[in-house]
Amino acid sequence: MQSIKLDRHVQARVWIDENPRAIYPATEIISKNIANGLTKKNKNKNKRGSIEIIIPVGARFFYGFLGAEFFPNDSGSFGIELLVSTEHENIYAESIASEFDQIRLGLPSEYSQSVLAGAIESLAEKKLGEFGSGILRFDQAAHSQIGSSNKFFRHIARTVVQLLMLDRSRKEEISEIVKTYSLV
Amino acid sequence: MFGKLENQEFIVEKERIEVIKKHIEEFYPWQPNDMMIKRLQQALDNNQKISGADACFYFHELKEAELMANGYTYVAAHNQAIQDYEVSPFSLYHPDVILAFPDDFNSNWKKFWGIE
């Protein structure tokens, strides 16, 4: 896990190929196939990327936590899966935003379409071929009663996709990815 | 919902709006803040008193600015400002601002203001 402090009071934690264990029971799984005709990239192993971020803007703050894993397969298609929860899952006591609000694990349905949209938007920027065929599964999340929003989850989903695409030998670029894709 | 500011009206002062503008520059630009400041400026220009969300935002930002100038961290200043006025965190943005930027505010804000 890498802790990041950016300017203007922004804080984040990023996990690359580590499991932050922000798990929750899914009440629904949303699946969407977004491309066909892809080949499996043999060099690709499973990849995992997660980010927790808090951005103060004065009288309020933005907060979100999102993590995903990419599972390469031979299906020839690229699909996204999203584990949706209730709003009332367990409190995430280890959150960097615990001093601001009660942070709960899970991704309520309110944010699900924004996560999907952010991921698709980010995948469109770079070629899906970089991933190859497989499933991108968003399975870790936490949210704030006050600080989470659809726009912010869209941004975080974009960031997670970029973290998954990051060349593992260039981890010094993590802060730049967070700045480029997460900020409001 | 407006704590100590409930059922009260307040005069807006030009110098204090300047303090808020300077304080907001500490953070990344965010349009709803600009819209809240514009509402304060309009009240000043039209000699109107403020109440409700406008007053909550005004006094919250002034207190937060004062505390951060005295060395408080953002989180300590933000929480202290909310406690001092005993306001709900959801009272700090006017419903018109929430409606203007619906993607920036989740359903809890809309429930609070009855604008779902």
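Draft legend 1. Structural view of the pairing of strand β2 (residues 11–16) of chain A. Residues and elements named next belong to chain A. Pairing analysis gives four bridges linking strand β1 (residues 2–5) to β2, with the strands arranged antiparallel. Pairing of Ile-4 across the sheet is with Ala-12, part of β2. Taken together, β1 and the strand that follows it, β2, pair antiparallel across an intervening segment of five residues, in which Arg-8 is found at a positive phi of about 60°. Pairing analysis gives six bridges linking β2 to strand β4 (residues 47–56), with the strands arranged antiparallel. Its bridge partner being in β4, Ala-12 is matched across the sheet by Ile-53.

Draft legend 2. Spatial organisation of helix α4 (residues 74–85) of chain B. Over its twelve residues, α4(B) runs 17 Å from end to end, which matches the ideal 16 Å to within 8%, given 1.5 Å per residue. Within α4(B), the full set of buried residues consists of Tyr74(B), Ala77(B), His78(B), Ala81(B), Ile82(B) and Tyr85(B). Buried residues along α4(B) cover an arc of 130° about the axis, so they all sit on one side. Residues of α4(B) that are buried make contact with β4 of chain A together with α3 (52–69) of chain B.

Draft legend 3. Here's a closer look at the interface of chain A and chain B. Taken residue by residue, the interface counts 19 residues in chain A and 21 residues in chain B. For the side of chain A that touches chain B, the secondary-structure elements that each account for two or more residues are β4 and α2 (150–165) of chain A. Taken together, the residues of the side of chain A that touches chain B sort by class into eight nonpolar, six polar and five charged.

Draft legend 4. A look at the environment of Glu6(B). All names here are of chain B. Within the fold, Glu-6 resides in the segment before α1 (14–24). Residue Glu-6 is classed as partly exposed on the basis of its 15 C-beta neighbours within 10 Å. Sequence-wise, Glu-6 and Glu-86 are 80 residues apart; in three dimensions their C-alpha atoms are separated by 9.9 Å.

Draft legend 5. Broad picture of the packing of α1(B) against helix α2 (residues 31–45) of chain B. Residues and elements named next belong to chain B. It is at 10 Å that the axes of α1 and α2 come closest, and there the two elements cross at 170°. The angle between α1 and α2 places the two elements in the roughly antiparallel class. Residues Lys-14, Ile-17, Ile-20, Lys-21 and Ile-24 of α1 touch α2, and the partners they reach there are Asn-33, Ile-37, Leu-40, Gln-41 and Leu-44.

Draft legend 6. Here's a closer look at the nonpolar core. Ranked by size, the top nonpolar core spans 55 residues in total, and within it Ile51(A), Leu66(A), Val115(A), Ala119(A), Ile156(A), Ala157(A) and Val160(A) carry the most contacts. When residues of this core are assigned to their parent elements, the largest contribution, eight residues, is made by α2(A). Ala119(A) has contacts with Ile80(A), Leu136(A), Ala157(A) and Val161(A), leaving out every residue within four places of it along the chain. Counting 26 residues, the second largest nonpolar core, distinct from the first, contains Val12(B), Leu40(B), Ala43(B) and Tyr93(B).

Draft legend 7. Summary view of the environment of Trp15(A). Tracing the backbone shows Trp15(A) in strand β2. The contacts of Trp15(A), once residues within four sequence positions are left out, are Met1(A), Pro20(A), Ser50(A) and Gly67(A).

Draft legend 8. Geometry of the packing of α2(A) against helix α3 (residues 174–182) of chain A. Residues and elements named next belong to chain A. Packing of α2 against α3 leaves a shortest axis separation of 8 Å and a crossing angle of 150°. Judged on the interaxial angle alone, α3 and α2 are roughly antiparallel. Crossing hand, α2 versus α3: right-handed. Taken together, the residues of α3 that come into contact with α2 (itself represented by His-155, Ile-156, Arg-158, Thr-159, Gln-162 and Leu-163) are Ile-177, Val-178, Tyr-181 and Ser-182. For the contact of α2 with α3, a count of residues per class yields five nonpolar, four polar and one charged.

Cut-offs applied
- Residues numbered from 1 in each chain as written.
- Chains lettered and ligands numbered in written order.
- Predicted model: local features only at pLDDT ≥ 70, side-chain atom pairs only at ≥ 80, totals over all residues.
- Pairing = 2+ DSSP bridges.
- Helix = DSSP H or I, 4+ residues; strand = E, 2+ residues; numbered from the N terminus.
- Expected span 1.5 Å × (residues − 1).
- Buried ≥ 20, exposed ≤ 12 C-beta atoms within 10 Å, placed from the backbone.
- Arc of directions from axis to C-beta.
- Contact = placed C-beta atoms within 7 Å.
- Nonpolar A, V, L, I, M, F, W, Y, C, P; charged D, E, K, R; others polar.
- Axes fitted to C-alpha atoms, helices over the stretch in contact; angles between N-to-C directions.
- Parallel < 35°, antiparallel > 145°, perpendicular 65-115°, else oblique.
- Core = buried A, V, L, I, M, F, W, Y, C linked by C-beta atoms within 7 Å.
- Left-handed = near helix turned anticlockwise from the far one by under 90°.

None of this, on its own, says anything about what the molecule does.
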